[in-house]
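# Overview (structure and organization)
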Amino acid sequence: MAASNFLACATLGFLILFVGSSTAQLSTSFYSKSCPNLLSTVKSSVQSAVSKERRMGASLLRLHFHDCFVNGCDGSLLLDDTSSFTGEKTAVPNRNSARGFDVVDNIKSGVEKACPGVVSCADILTLAARDSVVALGGPTWNVKLGRRDARTASLSGANNNIPPPTSSLSNLISKFSAQGLSAKDMVALSGSHTIGQARCTSFRARIYNETSIESSFATSRRSNCPRASGSGDNNLAPLDLQTPTGFDNNYYKNLVNMKGLLHSDQVLFNGGSTDSQVRSYSTNPSSFNSDFAAAMIKMGDIKPLTGSNGEIRKNCRRVN
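Residues numbered from 1 in each chain as written. Predicted model: local features only at pLDDT ≥ 70, side-chain atom pairs only at ≥ 80, totals over all residues. Heavy atoms only, no water.

Turning our eyes to something else, we now look at the pattern of salt bridges. Under the definition given, this model contains 13 salt bridges. Among the ionic pairs, Glu210 bridges to Arg206, the shortest N-O distance being 2.9 Å. Through salt bridges with shared partners, a single ionic network connects Asp80, Lys89, Asp105 and Arg317. (Salt bridge = Lys/Arg side-chain N within 4 Å of Asp/Glu carboxyl O.)

Next up, the structure:
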């Protein structure tokens, strides 16, 4: 009798473990009952923000990328510094360039009205990235949800994990590999630079010092980015000079023509192992779109907090 009781308890325990682990996985239907209007709420807020300023789509996409590369997609980037807490916003890759936090606040406010205390800021950031791409004419994909928010952040992680614009090809491959992303994923995700802008300080060295750049393109970029450091550092230039607010494959066409704005862009097409993939995307937009969507789903899977880990923040800027 005792043995059968033990067996029953053990079986029950196994079932609880099994159910607990399976429900802790991300799912496209995670909020279907707890917040049925989530997708439409986020989408309308993103569309409104992008219609006011099309660059905002690129900014929201970048926030998701910079969040996921530091301890996973956990909303840590959104946390403000306090007297007793240091977040990631002042890290070199984010300082004076990460933007869109007020838009995330607005989305969160709308979501909280629809279903208070249910949806994480990390999931909102993931959805906003997808909806931004769609709003600018790019592909869509089904976003897996169920992430929870971090109570911590890592300034050193942000400084060390996010590839700088000076990165070599091997450095890019290494940084992405550390996050479980392949070189193919890296080239596809770099296509997010088909939208958005970069500051002069990020591309000054390239347009004045490098030879792997089309001369008239370099000359045109120099007009708004003086050689002297500290002069015009924050002046902006489009990452894709052809369609800077349209999500398409022109980024790759630019690379083939040696018109990549950042050093870390042009190294993808400069006689190295990724040249053929860049050339393929430059002539096959549907291939780029499908690979980009797949890579975004994969990036969204980086070390999410699930189950009872983390929390659901009431305010994306601070822990509860």
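Let's pick the thread back up.
All right, on to the UniProt feature "binding site: Ca(2+) 1" (unreviewed entry) in the protein chain then. Within this structure's numbering, the places UniProt gives as "binding site: Ca(2+) 1" (unreviewed entry) are Asp67, Val70, Gly72, Asp74, Ser76 and Glu88. These annotated residues cover 22 residues of sequence, but their C-alpha atoms sit close together, with the largest distance between any two at 13.1 Å. One can find Asp67 in helix α3 (residues 55-68). Residue classification places Asp67 among the buried residues on the basis of a relative accessible area of 0%. In contact with Asp67, not counting residues within four places along its chain, are Gly72, Cys73, Asp74, Gly75, Ser76, Leu77 and Leu125. With respect to the element layout, Asp74 can be found in the loop between α3 and α4 (101-114). A relative accessible area of 4% places Asp74 in the buried class. When sequence neighbours within four positions are dropped, the list of residues in contact with Asp74 reads Asp67, Ala122, Arg148, Asp149, Ala150, Leu305 and Arg313. (UniProt positions renumbered as here; feature names shortened; annotations may be inferred. Helix = DSSP H or I, 4+ residues; strand = E, 2+ residues; numbered from the N terminus. Buried < 20%, exposed > 50% of the residue type's maximum accessible area, 1.4 Å probe, protein only. Contact = heavy atoms within 4.5 Å.)

Time to look at the packing of aromatic side chains. Under the defined criterion, the tally for this structure stands at 12 aromatic pairs. Geometrically, the ring pair formed by Phe247 and Phe288 is stacked, given 5.7 Å between the ring centres and 10° between the ring planes. A residue pair is termed long-range when its members are at least 10 positions apart, and Phe247 in the loop between β2 (236-238) and α11 (250-256) and Phe288 in helix α14 (residues 285-300) qualify at 41 residues. The pair Phe247 / Phe288 is uniform in exposure class, with both members buried. The aromatic ring of Phe101 is capped on one face by Lys89, whose charged end is 4.1 Å from the ring centroid. (Phe/Tyr/Trp six-rings, centres within 6.5 Å; stacked < 30°, edge-to-face > 60°. Lys NZ or Arg CZ within 6 Å of the ring centre and 35° of its normal.)

This part takes up the UniProt feature "binding site: Ca(2+) 2" (unreviewed entry) in the protein chain. Per the UniProt record, "binding site: Ca(2+) 2" (unreviewed entry) is annotated on Thr194, Asp240, Thr243 and Asp248. Despite a sequence span of 55 residues, these residues sit close together in the fold, their greatest C-alpha distance being 9.7 Å. Within the fold, Thr243 resides in the loop between β2 and α11. Judged by relative accessible area, Thr243 falls into the partly exposed class, the value being 26%. Thr243 has contacts with Thr194, Asp248 and Asn250, leaving out every residue within four places of it along the chain. Side chain to side chain, Thr243 and Asp248 meet in a polar contact 2.5 Å long. (Polar contact = N/O pair within 3.5 Å; in protein donor to acceptor, adjacent residues only side chain to side chain.)

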